[in-house]
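# An overview of the molecular structure
This is what each chain is made of:
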Amino acid sequence: MDDPLVQRMRGFGTTIFAEMTDLAVRAGAINLGQGFPDTDGPPAMLERAVEEIRSGGNQYPPGPGVPELRAAVAAQRAARYGLEYDPDGEVLVTVGATEAIAAAVLALAGPGDEVVVFEPYYDSYTATIALAGATHRPVTLRPHGGRFAFDPAELRAAIGPATRLLLVNSPHNPAGTVFTRAELECIADLCREHDLIAVTDEVYEYLTFDGAEHVPLATLPGMRERTVAISSAGKTFSATGWKVGWITAPRPLVRAVQTVKQFLTYTASAPYQRAVAHALEHEQDWVAGLRGSLQTKRDRLIDGLTAAGFTTYRPQGSYFVQADIRPLGFTDGLELARALPEKAGVAAVPTQVFYDRQAEGAHYLRFAFCKRDEVIDAAAHRLRGLGL
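Everything numeric here is computed off the predicted structure, so don't read it as measured data. (Residues numbered from 1 in each chain as written. Predicted model: local features only at pLDDT ≥ 70, side-chain atom pairs only at ≥ 80, totals over all residues. Heavy atoms only, no water.)

## Some thoughts on the pattern of salt bridges
Cut-off, in case you're wondering: Each salt bridge in this description consists of a side-chain nitrogen of Lys or Arg and a carboxyl oxygen of Asp or Glu lying within 4 Å of one another. Secondary structure elements follow DSSP: runs of H or I no shorter than four residues count as helices, runs of E no shorter than two count as strands, and numbering proceeds from the N terminus. Relative accessibility decides the category of a residue: with a 1.4 Å probe and only protein chains considered, values under 20% of the type maximum give buried, values over 50% give exposed, and everything between is partly exposed.
Applying the stated rule across the entire model yields 29 salt bridges. The salt bridge partner of Arg 147 is Glu 183, with a shortest N-O separation of 3.0 Å. Residue Arg 147 is located in strand E6 (residues 147-149), and its partner Glu 183 is located in helix H7 (residues 181-194); the two are separated by 36 residues in the primary sequence. Residue classification places Glu 183 among the buried residues on the basis of a relative accessible area of 12%. Measuring nitrogen to oxygen at the nearest pair gives 2.9 Å for the salt bridge that ties Asp 299 to Arg 298.

Dropping the structure here:
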């Protein structure tokens, strides 16, 4: 039989995260590739989920999400950013941010449409755009002033008559950039000028460092009515396995996204939704502690990678450090990542797989620092001598 996979999905194959995790398991390596914490979230949130399970809250929740969580999300956006959303029609709970991204793109773009993305990009973006039958147009983030940034002229050049959506990820995975207000104003200007819809992946909104401010694009003039904002409990509360996310957007955009979402999963995770509602309302001190802890872990990993001979970029947000492999004598990140579990007992992710223009990222590896201190230290120790 010929390859049964539809043409538009050929070339995607197994995700790089699954491949690197499999190599790590087989080699007994420390896995700094996949971005999940190795400690749990707030104890009260976990207990709330247990209580919900034991009290019988285990059947289908409403399609848009349980009322408690939708109300908590609306309250969070208002208190934190001054953005007012009606929990009955402008908030939609999803199965994590990945489903939110998929449902938004499938609802709002189709054959003949173009979606502008910043590369390196989270790999689900391009796969979802392909599923929609649309075409993605990459704009490259490059090192500038110690951080990854885009060229406004390149962004403008990527927008054409067929552009429908602009997909924005800030704080950014994997580059660690938090877009400045000036960068967001550039994006907003182009959205208004070309009548574009913005889909904003803000899952790391709480996890910013060194005083970097996360500014939701929807707070800029004229952007609330054209922005689908995506958030998630997974990163905020260290519960990535719960897969509880949500979108906030004007009613017509939520209605469009929900039309697709209802045929993907319809709904899920009733006990976890109620536990997350509790966390949004009562666990902000815990989140502040997490942010401080992650900043310390970031610095710990950077020190270890630098001692091992890498050149690193200090991220302003997210879970990840970009490390340049060239000072160690390597030039192909994919080749090194596949050899690293056996060679050094550590797994990382090659950043080049998140680019169309793979040469731009061929010399970077992505390391996750959302791990226990002793795990970070052990990985750094194993990496010493890699370039000898």
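## Overview of the environment of Arg 224
Our working definition: Two residues form a contact once any of their heavy atoms are found within 4.5 Å. Definition of a polar contact: a pair of N or O atoms within 3.5 Å, with one able to donate and the other able to accept a hydrogen when the atoms are protein atoms, and with sequence-neighbouring residues admitted only if both atoms are side-chain atoms.
Looking at the element boundaries, Arg 224 is found in the loop between strand E8 (197-201) and strand E9 (227-232). On the accessibility criterion, Arg 224 (23% relative accessible area) is partly exposed. C-alpha of Arg 224 to C-alpha of Leu 83: the two residues are 141 residues apart in sequence and 8.2 Å apart in space. Setting aside residues no more than four positions away along its own chain, Arg 224 makes contact with Glu 84, Tyr 85, Glu 90, Ala 218 and Pro 250. One polar contact links Arg 224 to Glu 90, side chain to side chain, over a distance of 2.9 Å.

## Focus on the pairing of E8
On a regular strand, one side chain projects to one face of the sheet and the next to the other, so that they alternate. Test applied: Paired strands are those between which DSSP finds at least two bridges.
Counting buried positions over the five residues of E8 gives five, a clear majority of the element. The alternating pattern of E8 places Ile 197, Val 199 and Asp 201 on one face and Ala 198 and Thr 200 on the opposite face, and all of these are buried. As paired elements, strand E7 (residues 163-169) and E8 share five bridges and run parallel to each other. Directly across from Leu 165, in E8, lies its bridge partner Ile 197.

## Some remarks on the pairing of E7
Note the threshold: Whether a crossover is right-handed depends on one test, that the path from the first strand over the helix to the second runs clockwise when the strands point away from the viewer.
With respect to burial, E7 is a largely interior element, six of its seven residues being buried. Summarising the sheet, strand E3 (residues 114-119) and E7 pair through four bridges and their orientation is parallel. Within E7, the residue paired with Val 115 across the bridge is Leu 165. With H7 bridging E7 and its parallel neighbour E8, the resulting β-α-β unit is right-handed.

## Concerning the domain arrangement of the chain
Basically, it comes down to this: The split of the chain into domains comes from an automatic or database domain assignment. Summed over both partners, the accessible area lost on bringing two parts together, with a 1.4 Å probe, is the buried area. Gly is placed with the polar residues, together with every amino acid not listed as nonpolar (Ala, Val, Leu, Ile, Met, Phe, Trp, Tyr, Cys and Pro) or charged (Asp, Glu, Lys and Arg).
Segmentation of the chain into domains returns domain 1 (7-41 + 285-384) and domain 2 (59-281). On the side of domain 2, 39 residues touch domain 1, which itself brings 36 residues to the contact. For the pair domain 1 and domain 2, the summed buried surface comes to about 3300 Å²; carbon and sulfur atoms form 58% of the total. Where domain 1 packs against domain 2, one counts three salt bridges. Summed over the shared surface of domain 1 and domain 2, the result is 19 residue pairs in polar contact (both at pLDDT 80 or more). Only helix H11 (284-307), strand E12 (320-324) and strand E15 (364-368) provide two or more residues apiece to the side of domain 1 that touches domain 2. Of all the elements, H11 adds the most residues to the side of domain 1 that touches domain 2, at seven residues. Residues that form the side of domain 1 that touches domain 2 fall into these classes: 17 nonpolar, 10 polar and nine charged.

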